[in-house]
Amino acid sequence: MSFTGRFCLRCGKRESDEEPLIDGLCLDCFLKERALAKIPNNVVLVRCPVCGSVYVSGSWVPTSGGDEEALSHYIVETVVKKGKTHESFKDVQVVVTNAGNNRAEVLVRSSFMSKPVEQAFTINYRVEARLCPRCLSVKTRDYEAILQVRFAGEPSEVVRRRVGKLISSVRSISSNVTDYKELREGVDVKFSNVSAARQAANYLQGVLGGYIKESWKLHGVVGGKRHGKLSIVLRIPQLIPGELIVYRNSLMEVLDIQRDKLVLRDLTKDEVVKTSFKSLTKEGFRQLSPEDYAVDECEVIKFEEGRLTASCVSGAVVEASFPKHLSVGERIQVITYKDLKYVKRLRG
Ligand SMILES: [Zn+2]
Ligand SMILES: [Zn+2]
């Protein structure tokens, strides 16, 4: 055994043949202090929303899985294969886990003196949608129909990408896409034929709910024939059961959603209301967020002639009117919205 007389700069451990120093540090200290690969803090993944291919270092590579697979491919190509790893570590492997909400964990694995080593990184990333040339080249750039997916309020990136994933999951739809754009307010998809656009609209409506409106836009007259493009707008209210909306001048709870049908409970009358997204959009409604109202869990302590008194978890004793009979001891929620009190029975 040779004696080099060198010590780790951080912890003072003596270097040995089995564990030589790396940049003046022992292995443990190196892994604590330094990065064995230059993993970027922020990654922008350019991905084709139709086929899922990822654009990395000038070429499009098919990936079948989710963000984890795409990110690990990105890191292998831009870090490992570009030699941005520490020279003392060979066979560097990358595993990406827990990708979501624009953050992911990156585990970098390697070995040092035949001992396995591992280092964890957290990265931020976002996905940018761009149609890959392969998905574009099969068709002409010309289109016959445009589908505009719009939401009540600004959709989150997750919601926008769900639209892309749904479109790419059905071959007869995705093979007719000629352009795909993610916008702040939603997604615009162009199709080379009308029936694929209609199929896409119906499919998205089936999964996400919403209301479809079609119109033809005249694009000039060619050879005596009217030349039009179909425009389809799918409006998705993004309602989920349990949410509250203001509709027909009353506070209503969303109970169930099926395609274009909606089941609501009018909290003023304690009655179930069935409606459609079409009526909802036409008549107008306001979607409430939890900041708009206050909820208190209460128990009825008195009920007389449509007036109830309830004692609440918050300590408050509340009085409110209710059109139907309530029993003493019944558990209710009292919702305060714009200084008015609404009673929600807790059924079942
Ligand atoms: Zn050390
Ligand atoms: Zn593609």
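Residues numbered from 1 in each chain as written. Chains lettered and ligands numbered in written order. Predicted model: local features only at pLDDT ≥ 70, side-chain atom pairs only at ≥ 80, totals over all residues.

Peer 1: Help me out: how do you make sense of the overall build of the protein in this one?
Peer 2: Of the regular secondary structure elements, the protein holds seven helices and 21 strands. Taking 348 residues into account, the globule formula puts the C-alpha radius of gyration at 20 Å, and the protein, at 30 Å, lies well above it. Dimensions of the protein, computed from the C-alpha atoms along their principal axes, are close to 95 × 75 × 30 Å. Per-residue burial over the protein gives 26% buried out of 348 residues. Here the contacts in the protein between residues at least 6 apart in sequence split such that 50% fall between residues at least 24 apart. (Helix = DSSP H or I, 4+ residues; strand = E, 2+ residues; numbered from the N terminus. Rg over C-alpha atoms; globule rule 2.2 N^0.38 Å. Buried ≥ 20, exposed ≤ 12 C-beta atoms within 10 Å, placed from the backbone. Contact = placed C-beta atoms within 7 Å.)

Peer 1: What's the story with the sheet that holds strand 16 (residues 285–287) in this structure? I'm lost.
Peer 2: In sheet architecture, strand pairing relies on hydrogen bonds along the backbone and comes in two forms, parallel and antiparallel. Read from one edge to the other, the open sheet built from five strands follows the order 15-14-13-12-16, with strand pairing classed as antiparallel. In the strand order of this sheet, the two ends are held by strand 15 (271–276) and strand 16, each with one partner. Strand-to-strand twist in this sheet, taken as the mean axis angle between neighbours without regard to direction, amounts to 35°. (Pairing = 2+ DSSP bridges. Axes fitted to C-alpha atoms, helices over the stretch in contact; angles between N-to-C directions.)

Peer 1: Please clarify how the packing of helix 4 (residues 157–169) against helix 6 (residues 194–208) should be interpreted in this entry.
Peer 2: Helix packing for two helices is described by the angle between their axes and how far apart those axes are. Relative orientation of the contacting elements helix 4 and helix 6 amounts to 125°, with a least axis distance of 10 Å. With respect to their mutual orientation, helix 4 and helix 6 come out oblique. As for the relative orientation of helix 4 and helix 6, their crossing is right-handed in sense. In this structure, helix 4 contributes Val163, Leu166 and Ile167 to the contact, and helix 6 contributes Ala200, Tyr203, Leu204 and Val207. Of the residues contributing to the contact of helix 4 with helix 6, the split by class is seven nonpolar, no polar and no charged. (Parallel < 35°, antiparallel > 145°, perpendicular 65-115°, else oblique. Left-handed = near helix turned anticlockwise from the far one by under 90°. Nonpolar A, V, L, I, M, F, W, Y, C, P; charged D, E, K, R; others polar.)

Peer 1: Looking at this model, I keep getting lost on the domain arrangement of the protein. Mind explaining?
Peer 2: By convention, interface size is frequently given as the accessible area that disappears when the constituent parts associate. Taken domain by domain, the protein consists of domain 1 (35–129), domain 2 (138–236), domain 3 (244–289) and domain 4 (293–345). Placing the centre of domain 1 and that of domain 4 at their C-alpha centroids yields a distance of 54 Å. (Domains from an automatic or database assignment.)

Peer 1: Explain the pairing of strand 19 (residues 317–321) here, please?
Peer 2: The side chains of a regular strand alternate, first on one face of the sheet and then on the other. Buried residues are scarce in strand 19, accounting for zero of its five residues. Pairing geometry for strand 18 (residues 307–312) and strand 19, over five bridges, is antiparallel. Looking across to strand 19, one finds that Leu308 is bridged to Ala320. Count of turn residues in the strand 18/strand 19 antiparallel hairpin: four residues, of which Gly315 carries a positive phi of about 100°.

Peer 1: What is the right way to look at the sheet that holds strand 4 (residues 90–100) in this model?
Peer 2: As summarised here, the arrangement of the six strands in space is 3-2-1-6-5-4, forming an open sheet in which the pairing is mixed. Both outer strands of the open sheet, strand 3 (59–61) and strand 4, are each paired with one neighbouring strand and no more. This sheet shows a mean twist of 40° between the axes of neighbouring strands, independent of strand direction. Sheet analysis places strand 5 (residues 103–112) next to strand 6 (residues 115–129), joined by ten bridges and oriented antiparallel. Bridging from a neighbouring strand, Glu105 pairs with Thr122 of strand 6. Running over the sheet, helix 2 (residues 67–80) touches strand 1 (42–47), strand 2 (54–56), strand 3, strand 4, strand 5 and strand 6 and is turned about 145° from strand 4.

Peer 1: Whenever I open this one, the nonpolar core confuses me. Can you help?
Peer 2: Grouped burial of nonpolar side chains is what soluble globular proteins tend to show. One finds Leu147, Val189, Phe191, Ala197 and Ala200 to be the most contacted residues of the largest nonpolar core, which totals 26 residues. If we skip the residues at most four places from it in the chain, Ala197 touches Ala145, Leu147, Phe191, Leu230 and Ile232. Ranked by size, the runner-up nonpolar core spans 22 residues in total, among them Tyr211, Leu244, Ile245 and Val334. (Core = buried A, V, L, I, M, F, W, Y, C linked by C-beta atoms within 7 Å.)

Peer 1: Please explain the environment of Ala120 as it appears in this structure.
Peer 2: Here Ala120 lies in strand 6. Sequence separation between Ala120 and Lys190 is 70 residues; the distance between their C-alpha atoms is 42 Å. When residues no more than four places from it in sequence are discounted, the contact partners of Ala120 are Glu105 and Leu107.

Peer 1: How do you make sense of the pairing of strand 6 when you look at a structure like this?
Peer 2: Two strands pair when backbone bridges link them, and strand 1 and strand 6 are joined in this way by six bridges, in the parallel orientation. Directly across from Asn42, in strand 6, lies its bridge partner Asn124. Between strand 5 and strand 6, which pair antiparallel in sequence order, lie two residues; one of them, Met113, sits at a positive phi of approximately 50°.

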